[in-house]
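Descriptive structure summary
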Amino acid sequence: MAALCIGTIVGGCHIIPISDSSSKKGVSSIIGVSQANMREEWRMALIDELKAETEKNDDIQIITADATGIVNKQIQDIDNLIGYGIDLLIISPCNEKKLQDKIKEVYDSGIPVIVMDRAVEGFDYTIYIGPDNEVIGQQAGTYIAELLGENGGNVVVLSSRPTSIQGAERLSGFRSAIYEAGGINLTELSLVAETKDAAYDTVLAAKGIVKNSDVIFAYSDNMALGVCDAVRELGLEDQVKVVDCDGFKGEDEGIDLVSEGRLKATVSCPIGGKEAIDYALSILNHESGVPKQVILRSNVIVKENVAENLARINAKSNDDGRKIKVGYSQVGQESNWRLANTKSIEESAADFNIDLHMENADQSQEKQFEAIRSFIKEGVDVIVVSPVVETGWDEVLREVKAAGIPVIMSDRNVRLENNEENLTTTYLGADFMEEGRRAMRWIRDNIQSDDHEMKIMEIMGNEGASPTEERGKGFREILAENTSYNITYSDYGDFTFEGGKKVVREYLKRHEWDIDIIFSHNDDMALGAIEELKKNGIKPDEDVKIVSVDATIEAFEAMVRGELSCAVECNPIIGPQLMKAVRDLISGKQMPFRIITDEKIYDQSVAEDYISKRRY
């Protein structure tokens with residue numbers, strides 16, 4: 001454990017020892033915090049929240065370092081923190097790409113790493129915690145579109161060349177929502193800086209444009225305060241509405257301005273300090289159920305719900321240890337992956353003192369509706385759903401909401417009409433888009449095109465299922481950057497062994513075999529495809545490279561045999577994370593948008609080393 005004389009790194013340069021009178025007695029763990037810079041309002045708020053949460057726990061202490069936005073300095077700060085014997089590192093990287101290797105180095109050394117705000121590629125860290133700033137911008141844009149109604153209106157957005165990634169992502173999400181809504185005239189006012197004074201000066205200088213506007217959007221509380229002051233100066237407070245993002249607490253911050261009626265609405269940006277310390281304690285105490293990524297929830301805050309949102313932000317969680325009754329609507333048992341998933345959930349329920357009622361739907365959405373309605377009648381505490389398809393859930397989820405029962409989506413998510421909020425609390429499972437990206441990255445890096453088109457067959461899962469939609473989308477995102485590869489044939493295999501066989505069989509009925517690569521959305525379909533290929537004298541991995549998603553033990557066996565080229569992991573062992581989320585929800589914690597599980601990628605070069613360790 002770290003020494004007790006550790007202090008705070010002030011300004012990122014000097015160590016100031018903590019005196020005996022100010023240090024905590026009995027501190028057993030030291031958390032090092034490497035901040036990208038201390039100039040941005042959000043980052044100062046993060047440090048304040050981390051310190052406030054630390055003060056609530058007598059056995060931990062934090063020391064902080066300010067990289068001032070310089071990559072080499074942040075690398076040195078991390079080395080300094082490790083030199084002082086920290087037990088865990090929290091880092092908000094100033095450049096996620098350039099710091100990726102350093103973060104991996106710390107993680108591989110055995111020191112847990114919590115990455116905040118900016119996610120690094122890959123999963124070489126303990127947990128990532130942060131908001132989805134593009135979603136925050138989209139929420140602001142959607143709110144403004146609904147505020148203006150069918151007739152639309154004139155909207156002014158304060159834009160610049162954002163120095164922060166948060167600002168760029170919020171603007172991107174905001175513009176996409178406004179353009180999708182249609183009927184809105186959008187005028188952009190460029191700022192010289194992301195500050196209150198710059199926003200104030202810009203709005204005053206654009207007096208003619210502002211007078212003809214209905215809404216002004218600023219992507220931070222700091223800029224919004226400048227807008228509010230300028231609107232007041234112009235005498236337009238009753239005419240022009242102001243909407244922003246951040247929703248921080250405190251004087252002249254977003255929630256305060258909404259309470260005073262100066263802001264029409266703010267979209268909260270959860271800071272994550274509370275969650276970081278909570279998960280740090282779980283990690284240091286070697287608790288199970290710690291996920292790989294936590295995407296924090298943002299909310300639209302208006303004057304009418306300020307009190308509700310403040311109560312949620314300030315709520316103290318309390319898990320009284322009582323048995324919790326959970327109704328689980330499982331999609332079915334269509335694959336070995338799903339069998340392992342079900343087993344993990346059932347075993348973890350017992351470990352977390354949860355009374356689990358599971359109903360298998362056998363790929364039928366109607367059966368899932370029946371199960372959910374039976375759970376409502378039973379009066380369960382929480383309902384968990386692994387949906388067969390993404391759409392068609394609005395009515396039954398409204399019934400669940402009316403019954404006052406929270407819903408967690410597990411493994412698969414839903415898409416609701418009109419982006420209706422608050423029908424579900426959180427999604428827990430894999431990042432399907434990232435799985436698709438990883439598959440195509442492996443193809444790009446390991447299967448050379450030799451300057452001719454590489455033909456790809458895509459074997460998709462269930463039509464309309466979120467893994468199918470998102471894996472395909474992620475795959476195509478990387479594919480678009482590599483023009484020598486092309487998907488020439490796609491068909492649905494329904495995530496089954498027989499489905500994979502059928503896709504290959506149907507192709508061969510109409511074509512001579514000319515496929516270079518097969519991308520299968522799961523292992524079962526890939527294994528079915530392999531059997532059909534061999535039946536027709538086509539050698540898997542030799543005549544055609546095959547990449548799949550799941551990484552079950554059967555996939556590892558196929559890689560060891562030299563038939564499957566690569567398997568991207570989709571981890572079914574999510575029971576501990578899911579049951580921890582259930583207990584967190586019942587204890588009163590603010591639930592994030594998404595909780596993402598840990599996953600890796602494997603190919604033939606490592607398959608034999610890992611096959612004995614597979615649990616599924």
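In what follows, the accompanying structure is described.

Rules used throughout
Residues numbered from 1 in each chain as written. Predicted model: local features only at pLDDT ≥ 70, side-chain atom pairs only at ≥ 80, totals over all residues. Heavy atoms only, no water. Disulfide = S-S within 2.5 Å. Buried < 20%, exposed > 50% of the residue type's maximum accessible area, 1.4 Å probe, protein only. Helix = DSSP H or I, 4+ residues; strand = E, 2+ residues; numbered from the N terminus. Pairing = 2+ DSSP bridges. Right-handed = clockwise from strand over helix to strand, strands pointing away. Axes fitted to C-alpha atoms, helices over the stretch in contact; angles between N-to-C directions. Contact = heavy atoms within 4.5 Å. Phe/Tyr/Trp six-rings, centres within 6.5 Å; stacked < 30°, edge-to-face > 60°. Parallel < 35°, antiparallel > 145°, perpendicular 65-115°, else oblique. Nonpolar A, V, L, I, M, F, W, Y, C, P; charged D, E, K, R; others polar. Left-handed = near helix turned anticlockwise from the far one by under 90°. Salt bridge = Lys/Arg side-chain N within 4 Å of Asp/Glu carboxyl O.

Examining the state of the cysteines
According to the stated counting rule, one finds zero disulfides in the structure shown. Lacking any disulfide linkage, Cys-228 is separated from the closest cysteine sulfur, that of Cys-245, by 13 Å. No disulfide involves Cys-570; its sulfur sits 14 Å from the nearest other cysteine sulfur, which is in Cys-566.

Focus: the pairing of strand 17 (residues 382-385)
Of the two faces of strand 17, the one holding Val-382 and Val-384 and the one holding Ile-383 and Val-385 are both buried throughout. Pairing of strand 15 (residues 324-330) with strand 17, which is carried by four bridges, proceeds in the parallel orientation. By the bridge assignment, Gly-327 is partnered in strand 17 with Ile-383. Judged from the three bridges that link them, strand 17 and strand 18 (residues 407-410) form a sheet pairing that is parallel. Directly across from Val-384, in strand 18, lies its bridge partner Ile-408. Crossover handedness for the path strand 17 to helix 14 (residues 394-402) to strand 18: right-handed.

Re the sheet that holds strand 3 (residues 29-35)
Reading across the sheet, the 12 strands line up as 4-3-5-6-7-13-25-19-18-17-15-16 and stay open at both edges, with mixed pairing between neighbours. A strand with exactly one partner marks an edge of an open sheet, and here the two such strands are strand 4 (60-66) and strand 16 (354-360). Recorded for the sheet is a direction-independent mean angle of 20 degrees between the axes of neighbouring strands. As defined by bridge partners, strand 5 (residues 88-91) adjoins strand 6 (residues 113-116) across three bridges and the pair is classed as parallel. If you follow Ile-91 over to strand 6, its bridge partner there is Val-115. Of the strands in this sheet, strand 3, strand 4 and strand 5 touch helix 2 (residues 71-83), which is tilted by about 175 degrees from strand 3.

What about the packing of aromatic side chains?
Each aromatic ring pair is summarised here by two numbers: the centre-to-centre distance and the angle between the ring planes. Enumeration according to the criterion identifies seven aromatic pairs in this entry. Between Phe-369 and Trp-393, the aromatic rings sit 5.2 Å apart at their centres with planes inclined by 85 degrees, giving edge-to-face as the arrangement. Residue Phe-369 is located in helix 13 (residues 365-378), and its partner Trp-393 is located in the loop between strand 17 and helix 14; the two are separated by 24 residues in the primary sequence. Per residue, the accessibility class of Phe-369 equals that of Trp-393, and both read buried.

Thoughts on the packing of helix 13 against helix 14
At a minimum axis separation of 10 Å, helix 13 and helix 14 run at an interaxial angle of 10 degrees. Taken together, the axes of helix 13 and helix 14 are roughly parallel relative to one another. Residues Phe-369, Ile-372, Arg-373 and Ile-376 of helix 13 touch helix 14, and the partners they reach there are Glu-395, Val-396, Glu-399 and Val-400. Its residues assigned to classes, the contact of helix 13 with helix 14 shows five nonpolar, no polar and three charged.

Observations regarding the side chain of Asn-299
Looking at the element boundaries, Asn-299 is found in the loop between strand 13 (293-296) and strand 14 (300-301). Setting aside residues no more than four positions away along its own chain, Asn-299 makes contact with Gln-139, Thr-266, Val-267, Ser-268, Asn-309, Arg-312 and Gln-590.

Some remarks on the packing of helix 4 (residues 133-148) against helix 5 (residues 165-181)
Packing of helix 4 against helix 5 leaves a shortest axis separation of 6 Å and a crossing angle of 35 degrees. The two elements helix 4 and helix 5 meet at a crossing, and its hand is right-handed. Only Gln-166, Glu-169, Arg-170, Ser-172, Gly-173, Phe-174, Ser-176, Ala-177, Ile-178 and Ala-181 of helix 5 make contact with helix 4, whose side of the interface consists of Asn-133, Glu-134, Ile-136, Gly-137, Gln-138, Ala-140, Gly-141, Thr-142, Ile-144 and Ala-145. The residue inventory of the contact of helix 4 with helix 5, partitioned by class, reads eight nonpolar, nine polar and three charged.

Things to note about the pattern of salt bridges
The tally for this structure, following the rule as stated, stands at 41 salt bridges. Residue Glu-477 pairs with Arg-437 through a salt bridge whose shortest N-O separation is 2.9 Å. Taken together, the residues span a long stretch of sequence, with Glu-477 in helix 16 (residues 466-479) and Arg-437 in helix 15 (residues 432-446) at a distance of 40 residues. A salt bridge links Lys-600 to Asp-598, with the nearest nitrogen and oxygen atoms 3.6 Å apart. Judged by relative accessible area, Lys-600 falls into the partly exposed class, the value being 39%. Each of Glu-434, Arg-437, Arg-438, Arg-441 and Glu-477 takes part in salt bridges that share partners, so that together they form one network.

As for the sheet that holds strand 12 (residues 265-268)
With mixed pairing, the six strands of this open sheet are ordered in space as 9-8-10-11-12-14. Unpaired on one side and paired on the other, strand 9 (184-190) and strand 14 mark the two borders of the sheet. Sheet analysis places strand 8 (residues 153-159) next to strand 9, joined by seven bridges and oriented parallel. Bridging across to strand 9, Asn-154 finds its partner in Asn-185. Across the sheet, helix 5 touches strand 8, strand 9, strand 10 (215-218) and strand 11 (241-246), and the angle it forms with strand 9 is around 155 degrees.

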